[in-house]
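# Examination of the molecular architecture
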Amino acid sequence: SAKLDLPALDRKWREKWSSEQDGADKKGDAGSKYILPMFPYPSGYLHLGHLRVYTIADVVARFHTLQGSNVILPMGWDAFGLPAENAAIERGINPATWTKANIAKMKEQLDLMNGSWDWSRELATCDPDFYKHTQKIFLQLYEKGLAYQDEAEVNYDPVDKTVLANEQVDANGFSWRSGAKVEKRKLKQWFLRISEFRDSLLKDLEVLGRDNAWPERVLTMQKNWLGKSTGATIKFPLLAFNQTVNAAIEVFTSRPDTLFGVQYLALASTHPVVTDLAAQDPELQAFLDTLPGLPPDSKVGYMLPHVRAINPLAYHEETPEATKKSLPVYVAPYVIGDYGEGAVMGVPGHDVRDHAFWKTHHSDEPVRVVLAASEDESTTAMLNEPYIDHGVMTEHSGLFKGKSSKETGDMLIGMLEAADLAKPVDKWRLRDWLISRQRYWGTPIPIVHCGSCGTVPVPDSDLPVLLPEVDDHWAEKKTGNPLESLTDWVETSCPKCGGHARRDTDTMDTFVDSSWYYMRFIDPHNKDAPFAMDKARSLLPVDIYIGGIEHAILHLLYSRFIYKFLMSAGEGESAVDAYEPFKRLITQGMVHGKTYSDPSTGRFLKPDEVDLSDPSTPRVASTEEQAVVSYEKMSKSKYNGVDPTDVIAQHGADATRAHMLFQAPVSEILYWDGDKIVGITRWLSRVHELVTKVGRISSGSTPLEYFQQASQKFDSMSAEEFAQWDADTAIWRDVQKTIASVTASYDKVYALNTVVSDLMILTNTIATNGGAHPAIQAEAVSALVRMVAPIAPAFADECWSILKPDGGGSIFRGGALFPVVDGTEALLQPRKQTCAVQINGKLRFAAEIAKPPAGCQGEMLRHWVVGELLKTDEGKTRLSCETLAAKKVIVVKG
Ligand code: ANZ
Ligand code: ZN
């Protein structure tokens, strides 16, 4: 047959799809399915990583369409953010222009991949129609006390007079743009009170863990980020020679059982006691000045000269002497300022960081061990490693010696609590969400500041607060946040008193936009509200969410928070549902590219530096040495990037899609080797040959009816009829098996690579069983085409048009066309009968064999029986071909 021109099929069918009327669809009745890949940032070009996630999403969506679901598969743009602002500054244009042009380009590229995107729902977060509602959601949070202002530290560039994002500060603490040493400054910033939702954010992870709905890895990361830690705060009274120091320092510990082993205290550099003392201690101040830019695990420390602390257990007379000694107090950067109490009790014997710190500052003093795995372990040895597990208390623990450490911890807290020296508490690692950005390209915060009324929300009727337009030279003139210097925009009147007021000049973190965009997709044109609640109730949550593991923490956590807030609003305490935005989460792996390097220098080779004249042994062109081939993350510096539009232009979108899926399970790294696509093209050509061969044959009856009839005359089949039946069932058994496995792979396990391999095997079965009844072959090919369709949609529609010339157009608009297992299974099994085997007149065994057809007689029957016996377990062990060949075989019928 003529060579299959896959790119031409793409064009032909894309045109048909876009010209077909939506109304012509046969709607399935399997309910709605909302399938969503994480929306892209419009960087301006589509890479293979994009292509991978969007292929997975489209394949899953098309599968559900073919199963009769009303599928929602929207696409939009995560269009605000720093990269656009930077790119625009670099190019001397404004971010809006740059972003819009990128969206147009990427939309074109996305359309090349044969995706079934519902563009009628398209949105861009930088569009006022969208961010008006981002502002509304902010104000709803504000009303409930969940958006508030507080002081927070920012990176400040004193030359550009601007706040920098963390990514704009290099590893040594210098500004990426001005090169100035970045300062830490305290500024009033907006926060969202995500901490209010931490209990349900933690508890509902359990729901997401059921049936592997979310990957285990993501659940663990979410859990760690929330970081609930159970323990106690403990007071250490101070022996201070300085009046200004507080009477006690409080620490948070998760291991009160180690209290006997405390050998020092350590304070964060921002601890109030440190701040107080630094005012009178220039040496301490000098130490503090060296801290910025130090790695967080640095073990430097400064011992406060005039302060010592007392272990609260010292007041108990049974406490061992060692524990009664007063303790040095350090300032140490390994203590985090805003975790717990910003202070730790240092236990070198049982904590890794404390151990390292102690060894640095007290290398000649012993480490005290107060618990061990068992009671009789020596506790005096100089340990090289701390014992960090729970266990049994040892001799340094006074009265508690021999008790379990867990029990001891509880008892110690109880004891100290009675003396007001401790309190059991939970601490969370989760901080409130700082959303203020001192940047132009984001959603303006809809607040005005009035001298007499304070912070005033912009009234609903004045929304959106539009981002003021800037010209292409906006970035040349000013440094800093351009919003601050746009006087016309900043100066406004107070909505409350009408007096003079100033707009808030911060914009929101783009994670705010992406925390709710998936909700907007279900009601994208709603003018009054972010979305209608009844639509949300029927179409949310998202059934399947697909995206990169890099979003495993922040994006998903913020989305879960905002979803819980919006969906539970109004229901208050009575809300019992676990409100979760994404029922199922698939995290796709990265795409790595084929990379060549020079074995002698290790340098990556450019395409024209590689000699590929023998593709099996690539060589360094200049030296003819064999080049080293590896797969690496695609990047410009490794010359291993692949432009998906080139691949699609050459091989067609369908083959590209099938290849992407076939090469690796969705969650694993895909090692991209474009040379291998030809294997896929060959397979699709074989499918196409089968389609043209069976053409428009119709069986007139369903396979079920066909095999039912065959079953009725099974006992009287002639040998020829039986041979026919055998070929027919061989194909149909495989079709049935493949339908079951492929459906499960598409639907439950997302094993899309095995979908492709299963379908390849079925193709082979059909091609090698050319003797089957043409109608059965045709049915098998039809099922094959419908199973291939989600992966290779244009190709499948082409095949469908050959099989069903007046079937009403696209396979995807015909309702529930995905094949289902049809109940033939029992009919496809040959009838069995018991066959007793005698050898030399003695009964040796009996086995179940397939019943021979009626027309099978004489020599043919002997062959049949022997052949069937040799397929059975007993036959395999008790008979051998040689015995059978040597002896006379007599078949006694019945
Ligand atoms: C003494 C101790 C002994 C500790 C021991 C651990 C093991 P999680 O579970 O992550 O909450 N810690 C407390 N506040 C800190 C701060 N601001 N910066 C750095 N570390 C801090 O960790 C709780 C433990 O982290 C606490 O328990 C404390 O060290 C330390 F064998 O107290 B522990
Ligand atoms: Zn006012």
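None of these values were measured; they are calculated from a predicted model. (Residues numbered from 1 in each chain as written. Chains lettered and ligands numbered in written order. Predicted model: local features only at pLDDT ≥ 70, side-chain atom pairs only at ≥ 80, totals over all residues. Heavy atoms only, no water.)

## Looking at the overall build of the protein chain
Helix and strand counts for the protein chain stand at 31 helices and 32 strands. Taken along its principal axes, the extent of the C-alpha atoms in the protein chain is 115 × 80 × 75 Å. Within the span of the protein chain, comprising 894 residues, buried residues form 50% of the whole. Taken together, the 95 basic and 118 acidic charged side chains of the protein chain have centroids lying 5 Å from each other. (Helix = DSSP H or I, 4+ residues; strand = E, 2+ residues; numbered from the N terminus. Buried < 20%, exposed > 50% of the residue type's maximum accessible area, 1.4 Å probe, protein only. Lys, Arg positive; Asp, Glu negative; His and termini not counted. Charge placed at Lys NZ, Arg CZ, Asp CG, Glu CD.)

## Observations regarding the coordination of the zinc ion (ligand 2)
For the zinc ion (ligand 2), the protein coordination sphere consists of Cys450 (SG), Cys453 (SG), Cys494 (SG) and Cys497 (SG), at 2.2 to 2.4 Å. Viewed at the metal, the four donor atoms of the zinc ion (ligand 2) are separated by angles of 106 to 113 degrees, and the geometry they form is tetrahedral. Mapping the donors of the zinc ion (ligand 2) onto the primary sequence yields the spacing C-x2-C-x40-C-x2-C. Here cysteine 450 is found in strand β19 (residues 447-450), whereas its partner cysteine 497 is found in the loop between β21 (491-493) and β22 (500-503), with 47 residues between them in sequence. Residue cysteine 450 is classed as buried on the basis of its relative accessible area, which comes to 6%. (Donors = N, O, S within 2.8 Å, 3.2 Å for Na, K, Ca; no water. Tetrahedral: all angles 85-135°; square planar, octahedral: opposite > 155°, others 65-115°.)

## Some details on the site of ligand 1
The immediate surroundings of ligand 1 are formed by 18 residues, with Ser229, Thr253, Ile336, Tyr339 and His350 found nearest. A distance of 2.7 Å separates an oxygen atom of ligand 1 from a polar side-chain atom of threonine 253. At a separation of 3.0 Å, an oxygen atom of ligand 1 approaches a polar backbone atom of serine 254. Within the complex, the protein chains bury 84% of what would otherwise be the 640 Å² of accessible surface of ligand 1. (Near = heavy atom within 4 Å. Polar contact = N/O pair within 3.5 Å; in protein donor to acceptor, adjacent residues only side chain to side chain. Areas by Shrake-Rupley, 256 points an atom, 1.4 Å probe, with all protein chains shown as cover.)

## Comments concerning the nonpolar core
Ranked by internal contacts, the top residues of the largest apolar core, which has 188 residues, are Phe138, Tyr517 and Phe795. With eleven residues, helix α2 (residues 48-66) is the single largest residue contributor to this core. In this structure, this core is formed jointly by two domains, domain 2 (675-827) and domain 3 (830-886), each of which donates at least three residues. Look past the residues within four positions of phenylalanine 138 in its chain and what remains in contact with it is Ala147, Trp190, Leu192, Ile435, Ile445, Pro446, Ile447 and Met508. Formed by 40 residues, the second largest nonpolar core is a distinct cluster that contains Leu267, Ala309, Tyr387 and Ile413. (Core = buried A, V, L, I, M, F, W, Y, C linked by side-chain atoms within 4.5 Å. Domains from an automatic or database assignment. Contact = heavy atoms within 4.5 Å.)

## So, the domain arrangement of the protein chain
Size of an interface, as often reported, equals the accessible area lost when the parts are brought together. Taken domain by domain, the protein chain consists of domain 1 (229-427), domain 2 (675-827) and domain 3 (830-886). Averaged C-alpha coordinates put domain 1 and domain 2 at centres separated by 71 Å.

## Regarding the sheet that holds strand β30 (residues 670-672)
A sheet is described by the order of its strands in space; here three strands give the open sequence β29-β26-β30, paired in mixed fashion. The open sheet has two edge strands, β29 (628-633) and β30, and neither has a second partner. In this sheet, neighbouring strand axes are inclined to one another by 40 degrees on average, regardless of whether the strands run parallel or antiparallel. Judged from the six bridges that link them, strand β26 (residues 591-597) and β29 form a sheet pairing that is antiparallel. Paired with threonine 595 across the two strands is serine 630, which belongs to β29. (Pairing = 2+ DSSP bridges. Axes fitted to C-alpha atoms, helices over the stretch in contact; angles between N-to-C directions.)

## Brief notes about the pairing of β26
In summary, the side chains of a regular strand alternate between the two faces of the sheet. Of all the seven residues making up β26, six are buried; the element is thus mostly covered by neighbouring parts of the structure. In this structure, β26 lies alongside β30, joined through three bridges in parallel fashion. Following the sheet pairing, valine 591 is matched in β30 by leucine 670.

## Looking at the side chain of glutamine 736
Structurally, glutamine 736 can be placed in helix α25 (residues 719-749). On the basis of relative accessibility, which here comes to 7%, the residue glutamine 736 falls in the buried class. Each residue touching glutamine 736, except ones within four places of it in the same chain, is listed here: Val821, Asp822, Gly823, Thr824 and Leu828.

## Observations concerning the packing of aromatic side chains
For the structure shown, the criterion picks out 35 aromatic pairs. Centroid distance tyrosine 54 to tryptophan 117: 5.8 Å. Interplanar angle 90 degrees. Geometry classified as edge-to-face. With tyrosine 54 in helix α2 and tryptophan 117 in the loop between α4 (95-111) and β4 (118-124), this pair connects stretches of sequence that are 63 residues apart. Across the pair, exposure class does not vary: tyrosine 54 and tryptophan 117 are buried alike. Seen in terms of ring centroids, phenylalanine 130 and tryptophan 516 are 4.6 Å apart; in terms of plane orientation they differ by 20 degrees. Their pairing is stacked. (Phe/Tyr/Trp six-rings, centres within 6.5 Å; stacked < 30°, edge-to-face > 60°.)

## A few points about the pattern of salt bridges
Under the counting rule described, the total for this entry stands at 30 salt bridges. We note a salt bridge from aspartate 523 to lysine 535, for which the minimum N-O separation is 3.2 Å. Of the two residues, aspartate 523 is situated in the loop between α18 (517-520) and α19 (533-539) and lysine 535 in helix α19; the sequence distance between them amounts to twelve residues. Looking at aspartate 523, the relative accessible area reads 7%, which means it is buried. Note that arginine 603 is salt-bridged to glutamate 609, the shortest N-O span being 3.4 Å. On the accessibility criterion, arginine 603 (41% relative accessible area) is partly exposed. Among the charged side chains, a network of salt bridges with common partners joins Lys203, Asp204, Arg560, Lys564 and Glu580. (Salt bridge = Lys/Arg side-chain N within 4 Å of Asp/Glu carboxyl O.)

## Considerations on the sheet that holds β22
With antiparallel pairing, four strands are arranged side by side in an open sheet as β20-β19-β22-β21. The sheet terminates laterally at β20 (454-457) and β21, the two strands that pair on one side only. Here the strands of the sheet are splayed against their neighbours by 40 degrees on average, with no regard to which way each runs. Here three bridges tie β21 to β22, and the two strands are oriented antiparallel to one another. Residue serine 493 lies in a different strand from β22, and its bridge partner there is histidine 500.

## A closer look at helix α26 (residues 752-768)
The end-to-end C-alpha distance of α26, which contains 17 residues, comes to 25 Å, matching closely the 24 Å that a straight helix rising 1.5 Å per residue would cover. Buried residues belonging to α26 abut α2, α22 (653-663), α23 (677-694), α25 and α27 (774-788). (Expected span 1.5 Å × (residues − 1).)

## Concerning the side chain of glutamine 135
Here glutamine 135 lies in helix α5 (residues 128-143). Here glutamine 135 is in contact with Thr443, Pro444, Pro446, Leu463, Pro464, Val465 and Met508, once residues within four sequence places are set aside.

## Focus: a nonpolar patch on the surface
Taken together, the side chains of Met590, Ile669 and Tyr671 define a hydrophobic patch exposed on the protein surface, amounting to about 270 Å² of accessible area. In this structure, tyrosine 671 sits in strand β30. With a relative accessible area of 42%, tyrosine 671 lands in the partly exposed category. (Patch = residues over 30% accessible without salt bridge, like charges linked within 9 Å, V, L, I, M, F, W, Y side chains within 5 Å.)

## Notes on the packing of helix α21 (residues 644-651) against α22
Between α21 and α22, the least distance of the axes is 7 Å, while the angle of their chain directions is 115 degrees. Seen from α21, the contacting residues are Val647, Ile648 and His651; seen from α22, they are Ala653, Ala655 and Thr656. Partitioning the contact of α21 with α22 into residue classes produces four nonpolar, two polar and no charged. (Nonpolar A, V, L, I, M, F, W, Y, C, P; charged D, E, K, R; others polar.)

## Here's the deal with the pairing of strand β10 (residues 264-267)
The alternating pattern of β10 places Tyr264 and Ala266 on one face and Leu265 and Leu267 on the opposite face, and all of these are buried. Taken together, the four bridges between β10 and strand β13 (residues 343-346) define a ladder with antiparallel strand orientation. The residue of β13 that forms the bridge with leucine 267 is alanine 343. Taken together, the three bridges between β10 and strand β12 (residues 327-331) define a ladder with parallel strand orientation. Directly across from leucine 265, in β12, lies its bridge partner valine 329.

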